[in-house]
Structures are given as structure tokens and as C-alpha cells.
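Take a look at the letters that make up each chain.
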Amino acid sequence: MAAQECHNHTTESLKARFAKRFLLLLCVVYVFACSSVRAEDFVPFVIPAKPNLKSPIAVTSFEPIETNDDRLSTKDGHFLRGGKRVRIWGVNLSFGANMPMHEDAPHIAARLAAAGVNSVRCHHMDTSRWPRGLWNSKDGKTIEPEALDRLDFFIDQLARRGICVNINLHVGRAHSRYLDLPEANRQYDKISNIFTPVLIDAQKKFASQLLSHVNPYRKVRYAADPAVAFVEITNENSFFMWSSEETLRILPAYYSNILQKKFNVWLSRRYGSNEQLRKAWSEDVQPLGKNLLANPNFKTVPSGGKIPKGWQLEQHSECKALLSPRRHQGRDTVCITIDKADQTEWHLQFRQGGLSLEAGRYYTVIFEAAADKPRKVGCGVSQAHSPWANLGLSRQVELAPKWQTFRFGFVAKADDDNARVSFAFGGSNVPFYLASVELHPGGRAGLSKAESIRTGNVTLFADNESPQRTIDRMRFLAEAEKAYFDEMRNFIKNDLGCRALVTGTIVFGPLGLYAQSDMDFIDGHAYWQHPRFPGRPWDSGNWLVNQKPMTDYPAEATLFRLAAERLSGKPFTVSEYNHPAPLDSQAECVPMVASFAAAQDWDGVWLYTYSHSSDQWYRESLNSYFDIDTNPAKWGFMRAGTAIFRHAKVGPLNSVEFIPLAESSDLLSSLANLHLRHDRDMFRVLAEHTATRDKMLKMQLVSTLGGRIGSKNMGGFNPEFDWYVEDGKGFYMVRGQDAAAYTGHADRFEQATNGQVSIVGPEFAAVTVSAVDEAAPNHSRKILITACGRCENTGMKFSEDRRTVGRNWGGPPVRIETVKGTVVLPAGRWKCEALGPDGMPKQEVPISYRDGKGILELAPQHETLWYLLTR
């Protein structure tokens, strides 16, 4: 097949095995020929906020969390309860949704339990003041009693239904604001609160207030309550997180002084003297080579033109700028004036492309610049072609009326014969000037003459650095980060006596994984096509979601990167995951993550998010990108996800390969070098050890930090995995003994399954088939088929390219695009009923028989995404 990715072909032997296992819960979907999707194929499907517990697909068998015997523990890299393996299938609750009113809490807990949810992640409780958060509405310095009472009652209602909670201690609290400290340069005090003692103390104080609190409805401290199963120290927070280097380089003086002092103490312990430090950092220093840029001083301008030869002006979204040679403060310059700019920096760029860079080689960019008034300009080196990837340098500089010389060194991330140096200057109308721009190979430098560990003035970053100086900084940051997380975990576990399982934050590359290596479990987050905001961050009227099914883009898929973040001996969870509305393909979200996680044998998944609000439980339409409580394309698949993942109706791949990330003799230096080459991308790290996406469809890949290597085979049934793309259209399939998940384009199903599955419409669909009883494998008497195309509100108004609806989300009722087709059933005499949005049977669906096989027709007239088979 042309242009395919990750395709595990079905061999003749597999076909024979499939035929023998036809009694398994493997469906065959044939969609009767139909024309393009019609308006009438969208039908209202509002899943009630108050569940009908008489529904035949509702999970009604659960064990309340009451005693220490119900507490979660870990063994051999997995979660246990009462000595039995447990997988977490959960949702997030955000902001005020964690604190519903007492009259709503039982219904919410019951609805979650009925879908099979067994954990709630309490997220963003610390961000806002009451009623959106825990803090009082007056000064935000103390916890609001009513907020805590509601949380107490809600935790009790959840625990009664077997649902444990994951308490997030720090998500959005900026303690610096309430301690009269200088404002940090990252939202929510992130990065600064990892190393600033007073901010660490503030985090400990809040942890003590919350975890030492006695829940009056359960008569136990949070710290001792088995229903409080997990504690997360800080959300998405690391020295190695997104844009962290830029944050660290421009820390406000109060914070930078603290970190520099710690760095100099670390260097003193490591080297003992300036002489030893200078010697180590002098290795592999390099002088500057020849300037690679043409016309670096802008003196050559084509006749009749204003743009210097060799340079280009790039303008997007009606933004406009002008270039002109100008004498400024005694210098010959190119003056850049802006006629129109928006808030997006890259919409205006001055650049030179056609440059050749070598992967792993060190380069230095030098330029002189000034501006009429203070303003920011971005300087970067990236590809001059799609996908425009950064090649090692992305910095933002503060220009002023006084001329400054900037000098930035970097290591090229990849070979490229069409790279570019660019200056991005959208976001401001202030004119600025460039007098020269240079790009040289080389330029590495060690300890400067003015720096000394005796005086404590060795800076964390230098404009140009020798390899060892860079490695030492990475080592220091990794050790400092790990020390913070270990200290916080010890405080929570030992000082507060908390018996919950504790994690620090999500994995940010190999050094971030090292920092989390002594936590109780390892966690990750991912979003497919997270909304982008071209102007102001989180502007609800100006956002874009690219219409890209993940099924079509396995090379970019989030799931492989997540799988690469797993660490041997530790349970692995994904505590935030979503394919946001209004993606046309959003129905793929739950089937894909549930089946992939099951096959890779992960230990927990929390979808983000059930709701953001404490008082909108009864709405009947989509209201945001992420809320899934009223989104049938996601919530409608949760019961199937319970079967596939939590109840392991799709079992794990039975072969496991353990991949050592680094040599144990110098673990941190090895990890630092990996981090420098691959940043946060753990899949690229594993790819150095022959890991491929195709390989991940055949076996589990697990990282080790200088520990176990080799592989093992656990035996048993191996799920069948298939993921390929041909001519831009993808197909994804996972089939286990008692469940299957399919996502993809209609015309791919027949080819991908050798005629066993065939869909003609809608254009893109997600289908799951899952046993929803507790029968032994292959003996189910109750099968749920869930099928859905698109999902939209009534009156939703899309842009022409369907990348946004702005604020035009429409209103109730929410509608689904129904799937038309047939299902060839396992052997036996079956009865089928189409279920209503409340999960109750509303009409019988006829089953015909051909050659002894039952054939069920799925059709829009049934106005459902749920079909229940019983025998």
C-alpha cells in the first residue's frame, strides 16, 4: 500500500486464527450504500444528567471505598486493590465542578459510576476564588468553608460508588501574589516554585491544610482516607517544560539570584575550585567560523527596491511592514516600520533562508539592534520550509533605544539545506533597527574571566557555552528538580502521614522522567489538535482547531509519544487526554485512547474534562472544547471504554521490551545529552534504540534508567493491532477477545479488514463493539455496539474551513451523525434493541440471518449511537 504508516498486515495465518475465533466479540460492519451525509442523519442525542440506573448498560456493581482494605497500592509496576490488579478509568473535574451543590452531587456520582468511571481527578481547585475555587472570595488567602464542605460531601458520594479521587495540590495558585513576593515570569509561579524556598513552604502549608482536614461525612482526614487514592504535587511544572529555557534566562532578579546561588554551590561541590571548573569547561571550545549570511550589513539593495538583497519580508493576515535604509545614531541600518500588526509575533518576519546546517554542530547568531521605544523581537533559526521546525534557536530579546549586541549559540537539531535566520516582530507597532546580522559555525566558550564560584557569580546560562558547561547546567537542573519532588513527596507521605499514591508532575523528556523516577507512579498528558489562539491567549472568539483526524496522522499521533514515557517498575497513567470539540473526528478520542492504553497495558486514563462548572449539570449542548459531560461523541463511548480498558476486554500485547535510556555509569550526563538532542520527545529518544511506531503496535516498549534490559513474553491472547494511512485516509483497529475499536474513513474499512468490515458512510466514523457483562472470554451474553460520526450543537456556525465556530456554538439539543450499516454477529440467536439517550431500550431492531450468521442493520431511523445485543 502506498504512503502507509504503522500498518500491521493481516497474514493468512491471522485470517485463519480469526476464522477460528469468530465466536469472539469481533464485529463486521457493512454499511449499505448511501449518498453523502444528509442533514436528517444528524439526530438529537442528549444523555440525561440524572442517570437511569435501570439501563441494561449501566454499571451497577461496584464496591464502596470504606476501609484500608480498599486502598490502592502498587506492585510490579501496576495498581492493586485487595491484591487484585486495578486499572483507573476516570475523568477530570475542573474549577467549580469539584464542588457541586449537595443536591447535585449524588446524581453526578451516580452518572459517573454508571458509565464505569472509578476515579475523578480534582483539578484547578486551587486556581480561583470561590465559587470557582477553594479560596475565599474576599482576599483569597484562606479556604472558603462552603467550598470545602461541598468537596467533602462530593468525595463521600463518589466513594460510596467506588470512585476514588486524585487531589491536585498545585495547578493554578500563584502563592507569590499572596506572599508579597516579586511577580514570577511564568503563570501560576511555575518553575519558580520548584526552587524558591518560601514558595515551597507555601505549597507545603496548603498541602497540610487540605490533607490534614477531616472530612466530616467520612470522619477521616484526607491523608488517611482510602478514597483519596492519588495526590499530584504540581501540574505540568518542570525546568524542562515548554519554553522553560526562555523562562529561566529571564527570571526576575529575586528568583534568578536564588537559582544562581544554588548553581554555584552545586558547582563548588562538584569541582572544588575555579581551576578545576575552568579546565572542565575549556574542553571543546571553538572559535567562530566564517559568517554564513549574505549581505549581513544590508548595504546591497536591488535597484528600485527597499528590501536588502538576500533578505525577505514575510507578512501574514493583512499585517504590513516597510523596510528602508536609514542612518540611526551614527550607524547604517535597515529600519523596520510597522503599518499594521496583530498580536501574533510570526505574522511579521524579516528573514534570510537557503542556509545549510549540520545536525549536532554548534552555531552562533550575532546581531546589533535598537528600537525607538522598548519592545520585544523574536530571533530564531528554523526550517525555511514545511513543517517550519525549530532547528535549535528560539529567543526573545528586549530592544531599547540604546544599541545592543546580542550573541546566541545553539546546537543544530537536524541537517537542513534550507534553514533560515528570522526575526519575528508582530505584536507591536514600535519601529526598530538592525545594523548587522551574522551566523557563524563555532563560537563555543567556557568559563569567562569574570566568573568565579568563589564569588558565586557563575551564571546559569552564557551566550556561548562549551559542551560541558551545558551538560553541567542540565545535570544541576535535573538534580534540583528531583530534590524538590522527593522533598515534597516525603513531606506528604511522612510529615502528613498521607497514604495516597503520590506523583510529581508529567514527564518532560528524559531528564523530567529522571526527576519523577522515585514517585509512586509516572504520569503524562496529551491533546490531539489542542485549540490554538492566534491573538490573545484563550480568546473564546478567536481560536482554531485543525480538522485533522488522528487516525490519518499516526506519525504525529500523541499516543506513541505517551507510550514512550513509561518507566519500568512504575504504574503509568495519562491524567489528561482529549480530542477537542468541534473536531469532526472527535468520536475517535475515547475508542483510540482506551484501546491503545489497554494494548500497551497502561494503568490509568483520566479524560479531560467532565465539566468546568458547578452549576451547569443539566445543560443539553456542547459548551466548550473539552467538557465531555454533554458530548455524546465522547461520553457516549465511556461505557465501551470501561469494557475495553478498565475491564480489560482488550488485553495487553503479550511481548514487552525493556529499553535502557542511558549508561548507568554516568546516568545524568547520558540523559542530558539525550535531552539536548530530543528535548521532551521521548519517542525520539526510544527511536535511537530501534523503537518504531510499527513496533509499538506489536509489543510494549518500556524505558529503564540503567536497570532491566531485554524482553519477556507473557503468553496468552495477543490483541490484533492495525493502523495505516493510504492516500491520506487512515484506518485504526484494535481487536481483543471481547472487544474491538475501529476508527477511520468509510472507504478504508473494507480494504483494511479484507472485506470483514465495510463502511460507506458517514465519511468518518468510530465504532466499538464490547462485552458489557462479566462472562468468561468468548461467552458474553450482552454486547454493546457504539457508533458515531460527527457531533454538533443545533445551529452551530462553522467557518468556511470548519476550523472554528468562534462564539457561535449554537444551542440545544446536541446532535450526533448516525452510522448506517450492518453488523455480522457472533454465532447464536441474538436480540437487538436500539437504546435511547437514557440507555433504556426504545425499539427492537430486526436481525436477519444469512448462511447461519446473524446480520444486524444499523440505521439512522433508530436515532441512536447505542445498540444492545443480548442472548
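Residues numbered from 1 in each chain as written. Predicted model: local features only at pLDDT ≥ 70, side-chain atom pairs only at ≥ 80, totals over all residues. Heavy atoms only, no water.

Turning next to the overall build of the protein chain. From N to C terminus, the protein chain includes 19 helices and 41 strands. On C-alpha atoms alone, the protein chain measures out to a radius of gyration of 29 Å, which is about the 29 Å that the 2.2 N^0.38 rule sets for 871 residues. Long-range contacts, defined here as pairs at least 24 residues apart, represent 75% of the contacts in the protein chain between residues at least 6 apart. Total accessible area on the protein chain is roughly 32900 Å²; 48% of this is exposed by carbon and sulfur atoms. Averaging the coordinates of the 104 positive side-chain charges in the protein chain and doing the same for the 96 negative ones gives two points 2 Å apart. (Helix = DSSP H or I, 4+ residues; strand = E, 2+ residues; numbered from the N terminus. Rg over C-alpha atoms; globule rule 2.2 N^0.38 Å. Contact = heavy atoms within 4.5 Å. Areas by Shrake-Rupley, 256 points an atom, 1.4 Å probe, with all protein chains shown as cover. Lys, Arg positive; Asp, Glu negative; His and termini not counted. Charge placed at Lys NZ, Arg CZ, Asp CG, Glu CD.)

The subject of this paragraph is the packing of aromatic side chains. Summed over the entire model, instances satisfying the criterion amount to 45 aromatic pairs. When the centroid spacing of 5.1 Å and the interplanar angle of 25° are considered together, the rings of Phe367 and Phe406 count as stacked. Of the two residues, Phe367 is situated in strand β16 (residues 362–371) and Phe406 in strand β19 (residues 404–411); the sequence distance between them amounts to 39 residues. There is no split in this pair, since Phe367 and Phe406 are both buried. By way of ring pairs, the aromatic residues Tyr527, Phe533, Trp538, Trp543, Tyr608, Tyr625, Phe626 and Trp809 are connected into one cluster. Across from the ring centre of Trp135, 3.6 Å away, lies the NZ or CZ of Arg173, which sits over that ring. Residue placement shows Lys482 over the ring face of Tyr514; its charged tip is 5.9 Å from the ring centre. (Phe/Tyr/Trp six-rings, centres within 6.5 Å; stacked < 30°, edge-to-face > 60°. Buried < 20%, exposed > 50% of the residue type's maximum accessible area, 1.4 Å probe, protein only. Lys NZ or Arg CZ within 6 Å of the ring centre and 35° of its normal.)

On to the pattern of salt bridges. According to the stated counting rule, one finds 48 salt bridges in the structure shown. Between Glu556 and Lys548 there is a salt bridge, with its nearest N and O atoms 2.8 Å apart. Residue class for Glu556 comes out partly exposed when judged on its relative accessible area of 45%. You can call Lys548 buried: its relative accessible area is 17%. Between Asp627 and Arg619 there is a salt bridge; the shortest N-O distance is 3.4 Å. For the pair Asp627 and Arg619, one class covers both residues: buried. Taken together, the salt bridges that share partners define one network made up of Asp584, Arg790, Glu792, Arg802 and Glu817. (Salt bridge = Lys/Arg side-chain N within 4 Å of Asp/Glu carboxyl O.)

The subject of this paragraph is the environment of Tyr255. With respect to the helices and strands, the residue Tyr255 is situated in helix α8 (residues 253–271). Under the relative-accessibility criterion, Tyr255 is labelled buried at 0%. Expressed as a C-alpha distance, the spacing of Tyr255 and Glu183, which sit 72 residues apart in the sequence, is 9.6 Å. Aside from chain neighbours lying at most four places away, what touches Tyr255 is Ser176, Leu181, Pro182, Glu183, Ala184, Ser192, Phe195, Thr196 and Leu199.

Attention now goes to the environment of Lys262. With respect to the helices and strands, Lys262 occurs in helix α8. Since its relative accessible area comes to 36%, Lys262 is described here as partly exposed. Along the sequence, Lys262 and Arg111 sit 151 residues apart, while their C-alpha atoms lie 50 Å from each other. If we skip the residues at most four places from it in the chain, Lys262 touches Phe195 and Phe476.

Further remarks concern the sheet that holds strand β3 (residues 72–75). Pairing is antiparallel in the open sheet, where 3 strands are placed in the order β3-β4-β5. The sheet terminates laterally at β3 and β5 (84–86), the two strands that pair on one side only. For this sheet the average axis-to-axis angle between neighbouring strands, irrespective of direction, equals 50°. By the bridge criterion, 3 bridges tie strand β4 (residues 78–81) to β5 in an arrangement that is antiparallel. Looking at β5, one finds that Arg81 is bridged to Lys84. (Pairing = 2+ DSSP bridges. Axes fitted to C-alpha atoms, helices over the stretch in contact; angles between N-to-C directions.)

Here we take up the confidence of the model for the protein chain. Low-confidence regions, as indicated by low pLDDT, have predicted coordinates that should not be scrutinised in detail. Per-chain confidence: the protein chain averages 92 in pLDDT, with 94% of residues scoring 70 or above. Counted against residues more than four places away or in other chains, residues 1–37, with its pLDDT under 50, gives 112 contacts. (pLDDT = per-residue confidence, 0-100.)

It is worth spelling out the pairing of strand β30 (residues 729–735) at this point. Of all 7 residues making up β30, 6 are buried, and the element is well covered by its neighbours. Bridge count between β30 and strand β31 (residues 739–745): 5 bridges; the pairing is antiparallel. Within β31, the position partnered with Met733 by the bridge is Tyr742. Linking β30 back to β31 in an antiparallel pair, the connection comprises 3 residues.

Taken together, 8 strands build an open sheet; the order of strands is β29-β30-β31-β32-β33-β41-β37-β38 and the sheet is antiparallel. Of all the strands in the sheet, just β29 (720–726) and β38 (841–845) have a single pairing partner and so form its edges. Across this sheet, the average inter-strand angle for adjacent strands is 15°, counted without regard to direction. With 4 bridges joining them, strand β37 (residues 831–835) and strand β41 (residues 866–870) adopt antiparallel strand pairing. Counted as the bridge partner of Lys831 is Thr870 from β41. The strands touched by helix α15 (residues 638–646) within the sheet are β31, β32 (764–771) and β33 (782–788), with β32 carrying the most contacts at an inclination of about 55°.

Formed by 190 residues in total, the largest nonpolar core has its most connected members in Leu112, Phe230, Val231, Trp602 and Trp635. For this core, the element with the most residues is helix α10 (residues 467–495), which contributes 10 residues. Look past the residues within four positions of Val231 in its chain and what remains in contact with it is Asn166, Ile167, Leu169, Leu211, Ile492, Cys498, Ala500, Leu501, Val502 and Thr503. Grouped together as the second largest cluster of nonpolar side chains are 39 residues, Val334, Leu348, Ala369 and Phe408 included. (Core = buried A, V, L, I, M, F, W, Y, C linked by side-chain atoms within 4.5 Å.)

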